[in-house]
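Notes for the structure review
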Amino acid sequence: MDVLINVFVALHIVGIASLLGGFLTQMKAMGAGEARFIPAMLHGALTMLVTGVVLVGLNQADDQPMNNLKIGIKMAVLIVILGLVYVKRDEEKVDKAMFGAVGGLTVANIFIATLWT
């Protein structure tokens, strides 16, 4: 079971890397007002959602202690990110504030995951 959990943790990290990497590659364009949500950001957010749900199920099946408040907050933040990216995915330019909000929420989700013990 530990190997399976670790595989999904790795896939979860790949998802966050895709989302954050997509944001970081658009930082220069954001300064020029031409940033857009690239497909890697949407796919990363979806990967995080699916692997996160699977990780909760696997950890509960393995009788691991779960912090449901932390998981609920992380999922709520991720759903907001996913909603923003999904709705604006086809637009040529995204507002700086909205694009910055996605980046900020992504970093906040990383800090929630790593610092909340």
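Our structure is the block above this text.
Residues numbered from 1 in each chain as written. Predicted model: local features only at pLDDT ≥ 70, side-chain atom pairs only at ≥ 80, totals over all residues. Heavy atoms only, no water.

Now for the side chain of Lys-74. Of note, Lys-74 is situated in helix 4 (residues 68-87). Of the side chains with opposite charge, Asp-62 lies nearest to the buried Lys-74, which makes no salt bridge, at 19 Å. Ignoring sequence-local partners within four residues, the contact set of Lys-74 consists of Asn-109, Ile-112 and Ala-113. (Helix = DSSP H or I, 4+ residues; strand = E, 2+ residues; numbered from the N terminus. Buried < 20%, exposed > 50% of the residue type's maximum accessible area, 1.4 Å probe, protein only. Lys, Arg positive; Asp, Glu negative; His and termini not counted. Salt bridge = Lys/Arg side-chain N within 4 Å of Asp/Glu carboxyl O. Contact = heavy atoms within 4.5 Å.)

This brings us to the side chain of Thr-51. Positionally, Thr-51 belongs in helix 3 (residues 39-61). Among the polar contacts made by the side chain of Thr-51, one reaches the main-chain carbonyl oxygen of Met-48 at a distance of 3.4 Å. Each residue touching Thr-51, except ones within four places of it in the same chain, is listed here: Phe-8, Leu-11 and His-12. (Polar contact = N/O pair within 3.5 Å; in protein donor to acceptor, adjacent residues only side chain to side chain.)

With that settled, consider the pattern of salt bridges. Any two side chains of opposite charge can pair, given that their charged atoms come close. Tallied over the full model, the rule gives 1 salt bridge. A salt bridge links Lys-88 to Glu-91, with the shortest nitrogen-to-oxygen separation between them at 3.3 Å.

Interaxial distance between helix 1 (residues 2-25) and helix 3 falls to 8 Å at its minimum, and their mutual angle equals 155°. Comparing the axis directions of helix 1 and helix 3 gives the class roughly antiparallel. Crossing handedness for the pair helix 1 and helix 3: left-handed. The residues of helix 3 that touch helix 1, namely those facing Leu-4, Ile-5, Phe-8, Val-9, Leu-11, His-12, Gly-15, Ile-16, Ser-18, Leu-19, Gly-22 and Phe-23, are Ala-40, Met-41, Gly-44, Ala-45, Thr-47, Met-48, Thr-51, Gly-52, Val-54, Leu-55, Leu-58 and Asn-59. A class-by-class count of the residues in the contact of helix 1 with helix 3 yields 15 nonpolar, 9 polar and no charged. (Axes fitted to C-alpha atoms, helices over the stretch in contact; angles between N-to-C directions. Parallel < 35°, antiparallel > 145°, perpendicular 65-115°, else oblique. Left-handed = near helix turned anticlockwise from the far one by under 90°. Nonpolar A, V, L, I, M, F, W, Y, C, P; charged D, E, K, R; others polar.)

What follows is about the nonpolar core. Side chains that are nonpolar tend, in soluble globular proteins, to be buried together. Judged by nonpolar contacts, the single largest core of 18 residues is most densely connected at Phe-37, Met-41, Ile-81, Val-85, Phe-99 and Val-102. Breaking this core down by element, the ones donating at least two residues are helix 1, helix 3, helix 4 and helix 5 (96-115). Sequence-distant contacts of Phe-99, defined by excluding residues within four places in its chain, comprise Phe-23, Gln-26, Met-30, Ala-35, Arg-36, Phe-37, Met-41 and Val-94. (Core = buried A, V, L, I, M, F, W, Y, C linked by side-chain atoms within 4.5 Å.)

Even without glycine at this site, Asp-63 takes up a positive phi of about 55°. The residue Asp-63 is located in the loop between helix 3 and helix 4 in this model.

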